[in-house]
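Coordinate inspection notes
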Amino acid sequence: ATEEWPAVPELRRIWFRMLDALTERLADSIRRDRAAGLARPGADPDALAASLIWGTERVFHIAMVGRHPTLTGQEALLEPLLQLYVWTIYGRSTAAAP
């Protein structure tokens with residue numbers, strides 16, 4: 001899907017619908033956690049969530065096609081992505097995550 005969505009209209013609609021749903025859920029979580037004082041203030045939650053989700057989509061794509069020596073599979077991606085999300089949203093390391 002990550003390779004073909006630009007060229008296949010129906011796949012593109014499905015892919016965007018799926019990533020839009022993930023983005024919406026993450027943005028809602030950011031809003032809730034900010035309101036509860038758990039997440040730090042910052043960028044618009046919708047833009048922040050979209051940036052994280054689409055960035056993650058590209059990282060998974062690069063890992064799948066083997067274009068980077070350290071992005072070699074799920075295990076290699078888990079900690080860096082977790083750290084990216086937790087630091088970006090909560091402003092602390094994964095060791096201090098809620």
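This structure is a prediction, so every number in the text was calculated from the model and none was measured.

With that settled, the discussion passes to the confidence of the model for the protein. Residue-level pLDDT values for the protein average 88, and 94% of them are 70 or greater. Within the protein, no element has a lower average pLDDT than helix α3 (residues 74-90), which sits at 89, and none a higher one than helix α1 (residues 9-35), at 95.

Under the defined criterion, the tally for this structure stands at four salt bridges. Residues D28 and R31 are paired through a salt bridge, measuring 3.0 Å at the closest nitrogen-oxygen approach. Residue D28 and its partner R31 are located together in helix α1, separated by three residues, close to a single helical turn. Relative accessible area serves as the criterion here: at 35%, R31 is assigned to the partly exposed category.

With that out of the way, let us pick up the nonpolar core. Core analysis: the biggest nonpolar cluster contains 15 residues, and L26, I30, L52, Y85 and I89 have the highest contact counts within it. Among the secondary structure elements, those contributing two or more residues to this core are α1, α2 (45-65) and α3. Among the elements that take part in this core, α1 stands out by supplying five residues, more than any other. Non-local contacts of L26, meaning those with residues more than four positions away in its chain, are made with A49, L52, I53, Y85 and I89.

This next bit is on the side chain of E57. Mapped onto the fold, E57 is located in helix α2. A distance of 2.7 Å separates a polar atom in the side chain of E57 from a polar atom in the side chain of R58. Sequence-distant contacts of E57, defined by excluding residues within four places in its chain, comprise T2, W5, W15 and L19.

The end-to-end C-alpha distance of α1, which contains 27 residues, comes to 38 Å, matching closely the 39 Å that a straight helix rising 1.5 Å per residue would cover. For α1, the set of buried residues is W15, L19, T23, L26, A27, I30 and D33. Taken together, the buried residues of α1 touch α2 and α3.

Here we come to the environment of I89. Looking at where I89 falls in the secondary structure, it is placed in helix α3. For I89, a relative accessible area of 6% gives the class buried. Along the chain, I89 and E75 lie 14 residues apart, while their C-alpha atoms are 22 Å from each other.

It is the contact of α1 with α2, at a shortest axis distance of 8 Å, that shows an interaxial angle of 130°. With respect to their mutual orientation, α1 and α2 come out oblique. Considering the relative orientation of α1 and α2, their crossing is right-handed. Of the residues in α2, those touching α1 at W15, F16, L19, L22, T23, L26, A27, I30, R31 and R34 are P45, D46, L48, A49, A50, L52, I53, W54 and E57. Considered class by class, the residues forming the contact of α1 with α2 number 14 nonpolar, one polar and four charged.

Cut-offs and rules
- Residues numbered from 1 in each chain as written.
- Predicted model: local features only at pLDDT ≥ 70, side-chain atom pairs only at ≥ 80, totals over all residues.
- Heavy atoms only, no water.
- pLDDT = per-residue confidence, 0-100.
- Helix = DSSP H or I, 4+ residues; strand = E, 2+ residues; numbered from the N terminus.
- Salt bridge = Lys/Arg side-chain N within 4 Å of Asp/Glu carboxyl O.
- Buried < 20%, exposed > 50% of the residue type's maximum accessible area, 1.4 Å probe, protein only.
- Core = buried A, V, L, I, M, F, W, Y, C linked by side-chain atoms within 4.5 Å.
- Contact = heavy atoms within 4.5 Å.
- Polar contact = N/O pair within 3.5 Å; in protein donor to acceptor, adjacent residues only side chain to side chain.
- Expected span 1.5 Å × (residues − 1).
- Axes fitted to C-alpha atoms, helices over the stretch in contact; angles between N-to-C directions.
- Parallel < 35°, antiparallel > 145°, perpendicular 65-115°, else oblique.
- Left-handed = near helix turned anticlockwise from the far one by under 90°.
- Nonpolar A, V, L, I, M, F, W, Y, C, P; charged D, E, K, R; others polar.

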